[in-house]
Amino acid sequence: MATRPQPPEPRRPAPRLYLVTPPTADPAALADAIAQALEAADVAAVLVPLTGDDERALLNGLKALAPAVQGAGAALLLGGRPELAARAGADGAHLAGIDELNAALPSLKPDRIAGCGGLATRHDAMTAAEAGADYVMFGDPDERGHRPSFDAVLERVEWWAEVFEIPSVGFAMHPDEIAALVTAGADFVAVGGLVFDDPRGLAAAMKDAQAILAIPEAVE
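Report on the accompanying structure. (Residues numbered from 1 in each chain as written. Predicted model: local features only at pLDDT ≥ 70, side-chain atom pairs only at ≥ 80, totals over all residues. Heavy atoms only, no water.)

## Description of helix 4 (residues 98-108)
A turn of α-helix holds 3.6 residues, and therefore any two residues three or four places apart point the same way. Rules: To sort residues, take the accessible area from a 1.4 Å probe on protein chains only and compare it with the maximum for the residue type: under 20% means buried, over 50% means exposed, and anything in between is partly exposed. Strands here are runs of E lasting at least two residues and helices are runs of H or I lasting at least four, both read from the DSSP assignment and numbered beginning at the N terminus. What the arc measures is the spread of directions leading from the helix axis to the C-beta atoms. Any pair of residues with heavy atoms lying within 4.5 Å of one another is described as a contacting pair.
Buried within helix 4 we find Ile-98, Leu-101, Ala-104, Leu-105 and Leu-108. An end-on view of helix 4 places all buried positions within 130 degrees of arc, on one side of the element. Exposed residues pointing more than 90 degrees away from the buried face of helix 4 are listed as Asp-99, Ala-103 and Pro-106. Where the residues of helix 4 are buried, they touch helix 3 (85-88), strand 4 (92-96), strand 5 (113-117) and helix 5 (122-131).

## A short note on the packing of helix 4 against helix 5
Any two packed helices are characterised by how steeply their axes cross, that is the angle between the axes, and by the distance between the axes. Spelled out, the test is: What counts as an axis is a line fitted to C-alpha atoms, over the stretch in contact for a helix, and the angles between N-to-C directions run from 0 to 180 degrees. Here the angle decides the label: under 35 degrees means roughly parallel, over 145 means roughly antiparallel, 65 to 115 means roughly perpendicular, and every other value means oblique. Think of it as three bins: nonpolar holds Ala, Val, Leu, Ile, Met, Phe, Trp, Tyr, Cys and Pro, charged holds Asp, Glu, Lys and Arg, and polar takes everything else, Gly as well.
Closest axis-to-axis distance for the helix 4/helix 5 pair is 10 Å, and the angle between their directions is 5 degrees. Judged by the inter-axis angle, helix 4 sits roughly parallel to helix 5. Counted together, Ile-98, Leu-101, Asn-102 and Leu-105 of helix 4 and Asp-124, Thr-127, Ala-128 and Ala-131 of helix 5 form the full contact between these two elements. Of the residues in the contact of helix 4 with helix 5, the class split is 5 nonpolar, 2 polar and 1 charged.

## Looking at the sheet that holds strand 8 (residues 188-191)
Selection criterion: We call two strands paired when DSSP finds no fewer than two bridges between them.
Ordered by their spatial adjacency, 8 strands build a closed barrel running 1-2-3-4-5-6-7-8, and the pairing between neighbours is parallel. Each strand axis lies, on average, 25 degrees off the axis of its neighbour in the sheet, ignoring direction. Sheet analysis places strand 2 (residues 43-49) next to strand 3 (residues 75-79), joined by 5 bridges and oriented parallel. Bridge pairing links Val-48 to Leu-78 in strand 3.

## Let's talk about the layout of surface pockets
For clarity, the cut-off: Points on a 1 Å grid, built from protein atoms alone, make a cavity when a 1.4 Å probe fits but cannot get out and make a pocket when they are open with protein on both sides within 12 Å along at least 5 of 7 lines; residues with an atom within 4 Å of a point are the lining residues. Grid points are joined across faces, edges and corners, and a volume is the space filled by probe spheres set on the points.
Here the largest pocket defines a volume of roughly 1100 Å³. What lines the largest pocket is a set of 37 residues, among which Ala-96, Asp-140, Pro-141, Asp-142 and Glu-143 lie closest to the centre. Of all the secondary structure elements, the ones that give two or more residues to the lining of the largest pocket are strand 2, strand 4, strand 6 (135-138), helix 6 (150-163) and helix 8 (193-196). Its residues assigned to classes, the lining of the largest pocket shows 20 nonpolar, 11 polar and 6 charged.

In structure tokens, the structure reads:
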């Protein structure tokens, strides 16, 4: 009796870029640069880490920035001030660690995205997923710019892709890390200083990042 062929396993959607801006107390000042970046590449989300204590200024700046992000089909995520997400018209927030995630979930769910980074161990990542995180991020640098070795980041991304359905974001600090993260199974590749510090300008750097992301060898 012939063996019935098994259907192929479903493939994850093609990976997309996740743009991380420099920390800012004036989100509106980023609008033009971000609009150019989103024209140059397919970006799923823009994370804006917020600084400063002037809540009114932050809200006004975010409301001015939101159309540039959301009008291009990307999600606007806040870093550092998740309680402002609803009033700013943002799509959600990125939380640094389990404690921040747990504190922010009541104000974000069920209408907004809650992502989580700063995950030092596998257990932390699983705890974040069980708590209700919509994605987990691996390889994001801490406040001093430090992160685990890139080999460790790749191992974590690969493990996650094999076991969990919740998306993962791999943080690329160098251009040659983008394809490696995709090959490991990252659903999104975060780029920050890699593109903002490029002397050719943000749009050119984003175009290159998109080209690397789309290399067939990287996604098969």
